[in-house]
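Inside the fold
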Amino acid sequence: QPPPPPQPPPTPPPGPALPPRPPPPPRPPSMPLVEKVEGLLGQMTLREKIGQMLQLVEYMSGVEAVADGSWGDSSLGSVLYSGGLPSVGSLRERSARLQRAARRHRLGIPLLIGVDAVHGHAQARGTTVFPHNIGLGCARNESLARQLAEATSLEVAACGINWVFGPCVAAAQDDRWGRTYEAFSSDTELVSRLGEAQVRGLQESSTPVAACAKHLAADGATQHGRDQGDAVLSEAELQAHLRPYRAAVQAGALTVMVSFSSINGRPAHGNRWLVTQFLKRELGFEGLVVSDWGGINKLPGSAEQQFAAGINAGIDLVMLPGTNAPGTWNQATSGPWRAFVDSVERSVKTGRISLERIDAAVRRVLRVKGKLGLLAADAGGTAALRPPSSKHLAAAAAAEPKQLAPLVRSKWHRALAEEAAARSAVLLKHDGALPLSPTASVLVACRGGRSLGRQMGGWSLSWQGTTRDEGLGTNVYDGFRARAGRAGCEACVSFSERGDADSGDVAIAVVSEDPYAEGVGDRARSPVPMHGPDHACLDNLMKRRSSRPVILVAISGRPVDISEFDRRSSVIIASFVPGSEGGSAIASLVYGDRPFKGRLCRAWGEHWSLGFGLRLEPPPAAPPPPQEPSPPKVPVFRLLRPAPPPPPPPRRSASTTSLGGRTRRWRGTWTTLWLRSSARSRSGACGAARSSLSRRTTAAQSTGRAAQTTTR
């Protein structure tokens, strides 16, 4: 049958006619990135080109006026967030306001907005703080490092930020350096693997942001571990420290940051061989090179000479936090912006900087913006550089920053942070006290036991970090209480900052460094000493109950001198800087919920070498109880089949026995019955015997069939 004809649509009820919807505005045809970049470059004046090579700090007054072109005739290429940052929602509004200002400019080129998210988006409030890189080096897991970078990219993108100043691919050689915890390891091979994983995680997630390999180069090899110092290296040593940058460029890193330090007396910001010859030509790096915080002003000469030397060396984007002129440091319009643009313009006109060099730098800046999707027709956010690598982020691929906000510090991110903190911990000493029972009486002692700030370290909530129990997360004391509470014994855990309490059959002494970052964290002594209050805490623990076993948990950004603690501790755990979920991770390790998997990423004093890490052996299984001997097993088929006939009687000699006139003769196994009767009687007796034998045979066959059926 043919299908029925379609029914006409119902007639709408009478009412006022709606106005026709206006047609959508025509969208310009998409063009290759090269054509977009060249088209924008051809529209720019010299001062607008120089403005694209400038990065200012967001909190400077007048940044929006510089970005939209209302102050002067230049432009602005980038903005960075610095210091303690507000909540995610506030950052998102700030970023949107800055991008709106940039789009009001006659060129309408969006901004690159960067932030130091070196272990998660840790400087912002309400985010997930992951372990620092030194802990990830102990975990030695590229997949884990990549997942952490993917989670970081999501929380950063939720704030409208499209650039992360990380990963740090330095190979720290001296523990006295204040940035040791930012390095994955002292081994350049391990640094290369983990750095490559984080570059891919940031740029290949569903919410991609630009990664930045830093700091070019050998900033972790300076003499005496001095920040911004000089690295005296042979050619072979220099090539080893350049290896992580080869891996980062091969992984597709979009940006590279130059180091404050020098190599054999030559500052990296003015090293043309390092930036141009090695990075751009030998490695084929096509992204942009950015200076460090005012690093270009560390070069000798006047400000104009400094800018010219850095740009000619190969720096494409100059980070200018401010000038030293009184009253102008925090003024973008009258301070660094105008000084930079005017100085570079004069250098171009005098021939100190060629116009070709300016154009090459601006091309690189625009190319990075284009790869992030900022040069699209709608410029509506970042576009995925490559297919997403994590399924949990797939729904966020085309989401706006506001839609990503509920995923910040999600349950999945907190679980990932706890797993990373547990894998980062290294068991250095064990005398048999682990694992603890959840119902054991425990005393958590010393300052680090109830200080989330020490647990998160530097670059957390502020530049240098905080010592307060501040932020979202779980400190060590709360982690132990929560774990014991699940066993119904939350009251079994107590706390004493000075260690002068008698409670607890086991003491958890959490010794820690105060948080620090670059410069402030440098130390003169080696090995780096631990703080005095922790020594007093351990003394009090021993004075109160000397027989009580002490489990030492060291929270530090580098190996520290714990030789005095070693003699008085049954267990030593190096947790380094475990992040916001470190308290739960440490408790799970001590109670035996997780195994110890971490191995040292750098040597710890003279006792523990690179790669050292103990494992807890499972307790030996109890021997099985003795069992009574069981009766021999009989096969089932023997129980079901008919029993065999009895054995034949022994052979006898022939004899006769008289039975009432009858004679029975025995001949071997056969019996012959002779009857003294008529032939008829004999015939009748034989017939009866044959009938009886037939019945017995039929019964036996029936029994055998039944047995076979049961066996099947």
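Given the structure is predicted, the values throughout are model-derived calculations rather than measurements.

**A short note on the side chain of S75**
Among the secondary structure elements, S75 is positioned in the loop between α3 (63-68) and β2 (78-80). What makes S75 buried here is its relative accessible area of 2%. Within the structure, the side chain of S75 is placed 2.8 Å from the backbone oxygen of E48, a separation counted as a polar contact. One polar contact links S75 to Q52, side chain to side chain, over a distance of 3.4 Å.

**With respect to the pattern of salt bridges**
In total, this model carries 43 salt bridges according to the counting rule given. For R200, the salt bridge goes to E196, with nearest N and O atoms at 3.4 Å. Pair noted here: R200 and E196 are both in helix α7 (residues 188-203), with a separation of 4 residues, about one helical turn. For R200, a relative accessible area of 21% corresponds to the partly exposed category. With a relative accessible area of 28%, E196 lands in the partly exposed category. With its nearest N and O atoms 3.1 Å apart, the salt bridge here joins R454 to D514. Taken as a pair, R454 in helix α15 (residues 452-456) and D514 in the loop between β15 (506-512) and α17 (532-544) lie far apart in primary sequence, 60 residues in all. One connected set of salt bridges, linked through shared partners, spans R47, D73, D342, E345 and K349.

**So, helix α4 (residues 88-104)**
Helix length check: α4, at 17 residues, gives a terminal C-alpha distance of 25 Å against a target of 24 Å (1.5 Å per residue), a fit within 8%. All of the buried residues along α4 are V88, L91, R92, S95, L98, Q99, A101 and A102. Looking at the packing, one finds that the buried side of α4 touches α3, β2, β3 (112-115) and α13 (401-404).

**Focus: the state of the cysteines**
This model, assessed by the stated rule, comprises 2 disulfides. Put simply, C446 and C537 are joined by a disulfide, and their sulfur atoms are 2.1 Å apart. Between C446 and C537, the S-S torsion sits near -95°, and that sign places the bridge as left-handed. Of this pair, C446 sits in the loop between β13 (442-445) and α15 while C537 is found in helix α17, placing the two residues 91 residues apart along the sequence. Its relative accessible area of 0% is what places C446 among the buried residues. Paired by a disulfide, C489 and C492 hold their sulfur atoms 1.4 Å apart. One exposure class covers both C489 and C492, and it is buried. When the bonded cysteines of the protein chain are numbered from the N-terminus onward, they pair as 1-4, 2-3.

**Description of the confidence of the model for the protein chain**
The pLDDT averaged across the protein chain works out to 84; a share of 78% of its residues lies at or above 70. In the model, residues 378-398 has pLDDT below 50 throughout and makes 46 contacts with residues more than four positions away in sequence or in other chains. Throughout residues 702-712 the model reports pLDDT below 50, and contacts reaching past four residues in sequence, or to other chains, amount to 5 contacts.

**Description of the environment of L154**
Counting through the fold element by element, L154 comes out in helix α6 (residues 142-157). Take L154: its relative accessible area is 1%, and that puts it in the buried class. Sequence separation between L154 and A405 is 251 residues; the distance between their C-alpha atoms is 9.0 Å.

**Structural notes on the nonpolar core**
With 153 residues, the main nonpolar core has L76, W163, L279, F340, V344 and W604 as its most contacted residues. Among the elements that take part in this core, α6 stands out by supplying 7 residues, more than any other. By size, the runner-up hydrophobic cluster in this structure holds 29 residues, among which are A421, A484, I551 and L589.

**A short note on the environment of R272**
Residue placement: R272 occurs in helix α9 (residues 272-282). Residue R272 is classed as partly exposed on the basis of its relative accessible area, which comes to 41%. Taking the C-alpha atoms as reference points, R272 and G310, 38 residues apart in sequence, are found 8.5 Å from one another. The residues touching R272, leaving out its near neighbours within four places in the chain, are R266, Q277, R281, N312 and A313.

Rules and cut-offs
Residues numbered from 1 in each chain as written. Predicted model: local features only at pLDDT ≥ 70, side-chain atom pairs only at ≥ 80, totals over all residues. Heavy atoms only, no water. Helix = DSSP H or I, 4+ residues; strand = E, 2+ residues; numbered from the N terminus. Buried < 20%, exposed > 50% of the residue type's maximum accessible area, 1.4 Å probe, protein only. Polar contact = N/O pair within 3.5 Å; in protein donor to acceptor, adjacent residues only side chain to side chain. Salt bridge = Lys/Arg side-chain N within 4 Å of Asp/Glu carboxyl O. Expected span 1.5 Å × (residues − 1). Contact = heavy atoms within 4.5 Å. Disulfide = S-S within 2.5 Å. pLDDT = per-residue confidence, 0-100. Core = buried A, V, L, I, M, F, W, Y, C linked by side-chain atoms within 4.5 Å.

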